[in-house]
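Topology and contacts: notes
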Amino acid sequence: MPPADARVTAVVVTFNRLSLLQGLVERLEQVPELAEVLVVDNASTDGTGEWLATRGDRVLGRTLDENGGGARGFHDGLAWAVEREADLVWLMDDDGLPDPGCLARLLEEKDLDFWGPLVVDEAQPERLVFPIRLPGGTRVVHELADVRRAATAGRIDGIVIPFNGVLVTRELVQRIGLPRAEYFIWGDDHEYRLRAEAAGARIATVVDAQVRHPSVGSLGTPMMFGRTTYNHSPSDLKHYCMARNNLLNLREYKGWPHALAFVAKTAWFYTFTRPSPGRLAMSVRAMYDGLRGDFTGHRRYL
C-alpha cells in the first residue's frame, strides 16, 4: 500500500500525435494530485521533442533514439518514474483524456496494487471502447450501465485495461519488473497485467473513474459461423506483433493447450474465414520468431 502522502507521477507515451499530446498534457497540468508528468517520445518527427522542450519544470520530456513502440515507451517511462521516486505511476497513451476527477477517484482506493478507470468512447460516453469480460464467467459487457450493475462498492475486482490511465505502485514494479520492451506493440500491456496477477497483485477497475478515448471500431471479426471472433487487423505490423506476442503470453500464462488453440484459430481464420496465404505465412513466421526469441521481425513492417 502506498503512503498517505504518495508521490504520484504520470507517464505518457507518444508517437507523432502532437495535437493529442498537447491536449492531454494541458489536462494533466490541471490535476493537483500529480507531482509531475513524464513524456516518453518515441522518436516523433512532428515537432513533439521541440514542443516538450518548451514545457515547465512539472512536465519533462525524453525523446528515444528510435521508435521502440508502446512497449519500450512504457518500459522506459516506468523505470524513469521509479528513478524519480514515484510511489504511484499513472500510465497512459497520448490518445486518451482522463476526466478532471479521474485520478482523485482512483486515489480513493487504498488497498490495490494495479488499478485503473473505465475507458469510454469520447463520442458515446455510455459505451466502452474496450469491452470488459466480467470475472468468473464468459460474459463480455460493452455498455457503461452493464458495468455499473456488475460493480461492487464502485469497482470490479480482478480486471483492468492497461495502459489507459492505470495506476501501478512502486512496490509492485520493484516486485515484478518492467513491461517487456521487446514486444514493440500489442500484448505488452496484457502481459504486464498477467504478470501482476500471477504475483498476487490486487487488481481492479474503478467504475466512476473514466478516460475518454476515440473509438477503435468493433474488436474481433466473427469466425467459425459466429461462434467466436478473431483479432484481425489490416495492418501487417499489428498482426505480426499480435501473432508473436499473443502466442508467447498464452504459452507463459495459460499453457501450451491454449497456445496451440490460438495457432489453430489463426490457421482456420486465414484458411476459411478470410483466406490469405500471405497472412497465414506471416502468422507462422511471427510465431516461430517469438518461440525462438527473435524480436526484430516487426521491423520489416515499419
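One can find the structure itself at the top, above this paragraph.
About the thresholds
Residues numbered from 1 in each chain as written. Predicted model: local features only at pLDDT ≥ 70, side-chain atom pairs only at ≥ 80, totals over all residues. Heavy atoms only, no water. Helix = DSSP H or I, 4+ residues; strand = E, 2+ residues; numbered from the N terminus. Rg over C-alpha atoms; globule rule 2.2 N^0.38 Å. Buried < 20%, exposed > 50% of the residue type's maximum accessible area, 1.4 Å probe, protein only. Contact = heavy atoms within 4.5 Å. Areas by Shrake-Rupley, 256 points an atom, 1.4 Å probe, with all protein chains shown as cover. Lys, Arg positive; Asp, Glu negative; His and termini not counted. Charge placed at Lys NZ, Arg CZ, Asp CG, Glu CD. Patch = residues over 30% accessible without salt bridge, like charges linked within 9 Å, V, L, I, M, F, W, Y side chains within 5 Å. Salt bridge = Lys/Arg side-chain N within 4 Å of Asp/Glu carboxyl O. Core = buried A, V, L, I, M, F, W, Y, C linked by side-chain atoms within 4.5 Å.

A separate point is the overall build of the protein. Tallying secondary structure elements over the protein gives 10 helices and 13 strands in all. Here the protein has a C-alpha radius of gyration of 19 Å; the compact-globule value for 302 residues is 19 Å, and the two agree. Here the C-alpha coordinates of the protein stretch approximately 55 × 45 × 40 Å along the principal axes. For the protein, buried positions account for 49% of its 302 residues. Of the contacts formed within the protein by residues at least 6 apart in sequence, a portion of 74% connects residues at least 24 apart. For the protein, the computed accessible surface area is about 13700 Å², with 52% contributed by carbon and sulfur atoms. Computed over 35 positive and 40 negative side-chain charges, the separation of the two mean positions in the protein equals 7 Å.

Time to look at a nonpolar patch on the surface. Together, Trp256, Leu260, Val263 and Leu291 line one region of the surface with nonpolar side chains, adding up to about 350 Å² of accessible area. With 3 residues, the single largest contributor to the nonpolar patch is helix α9 (residues 256-273). Mapping Trp256 onto the fold places it in helix α9. Residue classification places Trp256 among the partly exposed residues on the basis of a relative accessible area of 42%.

With 29 residues, the main nonpolar core has Leu28, Leu34, Trp90 and Leu167 as its most contacted residues. For this core, the secondary-structure elements that each account for two or more residues are β1 (8-14), α1 (18-28), β2 (34-41), α2 (48-52), β4 (88-93), α4 (102-107) and β11 (203-213). The greatest single-element share of this core, amounting to 5 residues, is contributed by α1. Setting aside chain neighbours within four positions, we find Leu34 in contact with Val8, Thr9, Ala10, Leu28, Arg58, Trp90 and Leu103.

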